[in-house]
Amino acid sequence: MPELPEVETVRRALALKLPGRRIEAVRGRRARMRRLLDPPALARSLAGRRLALPRRRGKYLLLDTEDGGALLIHLGMSGHLQLVSPGRPVEPHTHLAIRLDDGRELRLTDPRRFGFAAFLPRGAEAADPSLAGLGPDALDDAIEGWLPPLLKARRAPLKALLLDQRLVAGLGNIYATEALFRAGIRPSRPGNATSSTRLRRLAGSVRNVLLDALSAGGTTLRDHLSPDGTPGYFQVELDAYGRAGLPCRRCGALLHTARIAGRSTVWCPSCQR
DNA sequence: CCAGTATCCTGCAGGC
DNA sequence: TGCCTGCAGGATACTG
């Protein structure tokens, strides 16, 4: 479930370690992931390159190399990265290991293989199928300006719209659910049946819930990529997600659950209209 | 174009 | 205890 805050936390951790490091070797076996993982091809593109500051777009991580290329990584649902010494035992489902010139190894582990890692040569980013259609980042501080009109123009449930990465990039099931709770809006409500005022409130809630998660993650930043590295999900206090049947923290009513947009969704029938 | 559903994959929880 | 089913999730192919 790495969503934007989790990916951003990983990015910040990597930003402390990767810039200036040279890639010495790439290991792994070909594997069917979201895209075919081809470690030998990655080795040909990456070996000998120095890394720059990593970037993030939505839930995608871009490990830039100094020659203008980038390793594009998506963690899917079950993926995580670890930066460890090469001698450490390799976790099951580790598909890729990148050895750096400081003796450490960056490992991609992903049991469900919904994630991937692929090399983008210089100039290929704009045309990449995953990145080309991506909407503006959900952390954009102008989100209250551009998101409401996009939602207003659609009749799908707001929950489905928030999960659409072409509209806004970075939200997954957890934070979409939480943002709707904070805004007091029912997840099933169609975008075009919601007032602009409430859509602005929703956009603000999106940003706030992500910032809160990010600051919660910041406190445990060190754990994310430590040698003992837990993959690092936040212990954020969630109001709705995972609390079906429990009392609403705000009003005490029992939280409802249903599948909306193919995802389990939780909301308060009293607070959220 | 738009909305909704199936699909990929593994681990785990729950039912019987 | 062990088997089976269903769910979890992100992106995308597909259908209507």
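All of these numbers come straight from a predicted model, not from anything done at the bench.

Observations regarding the domain arrangement of chain A
Part 1 of the reasoning: What the domain assignment lists for chain A is domain 1 (4-127) and domain 2 (143-267).
Part 2 of the reasoning: The gap between the C-alpha centroids of domain 1 and domain 2 is 28 Å.

A look at the protein's contact with DNA strand C
Part 1 of the reasoning: In the vicinity of DNA strand C there are 17 residues, among which H74, R112, Y241, R259 and R263 approach most closely.
Part 2 of the reasoning: Backbone atoms, meaning sugar and phosphate, make up 61% of the atoms of DNA strand C lying within 4 Å of the protein.
Part 3 of the reasoning: H74 places a polar side-chain atom, nitrogen or oxygen, 2.6 Å from a phosphate oxygen of DNA strand C.
Part 4 of the reasoning: One nitrogen or oxygen atom from the side chain of R259 is found 2.4 Å from a phosphate oxygen belonging to DNA strand C.
Part 5 of the reasoning: Taken together, the residues of the surface near DNA strand C sort by class into four nonpolar, seven polar and six charged.

Things to note about the protein's contact with DNA strand B
Part 1 of the reasoning: Every residue close to DNA strand B is listed here: R32, H93, P111, R112, R113, F114, R154, R155, A156 and P157.
Part 2 of the reasoning: Within 4 Å of the protein, the contacting atoms of DNA strand B are 66% sugar and phosphate, with bases supplying the remainder.
Part 3 of the reasoning: In this structure, a base oxygen belonging to DNA strand B sits 3.3 Å away from a side-chain N or O atom of R112.
Part 4 of the reasoning: Contact between DNA strand B and R113: a phosphate oxygen at 2.6 Å from a side-chain N or O atom of the residue.
Part 5 of the reasoning: Its residues placed into classes, the surface near DNA strand B shows four nonpolar, one polar and five charged.

Each value, and the rule that gives it
- Residues numbered from 1 in each chain as written.
- Chains lettered and ligands numbered in written order.
- Predicted model: local features only at pLDDT ≥ 70, side-chain atom pairs only at ≥ 80, totals over all residues.
- Heavy atoms only, no water.
- Domains from an automatic or database assignment.
- Near = heavy atom within 4 Å.
- Polar contact = N/O pair within 3.5 Å; in protein donor to acceptor, adjacent residues only side chain to side chain.
- Nonpolar A, V, L, I, M, F, W, Y, C, P; charged D, E, K, R; others polar.

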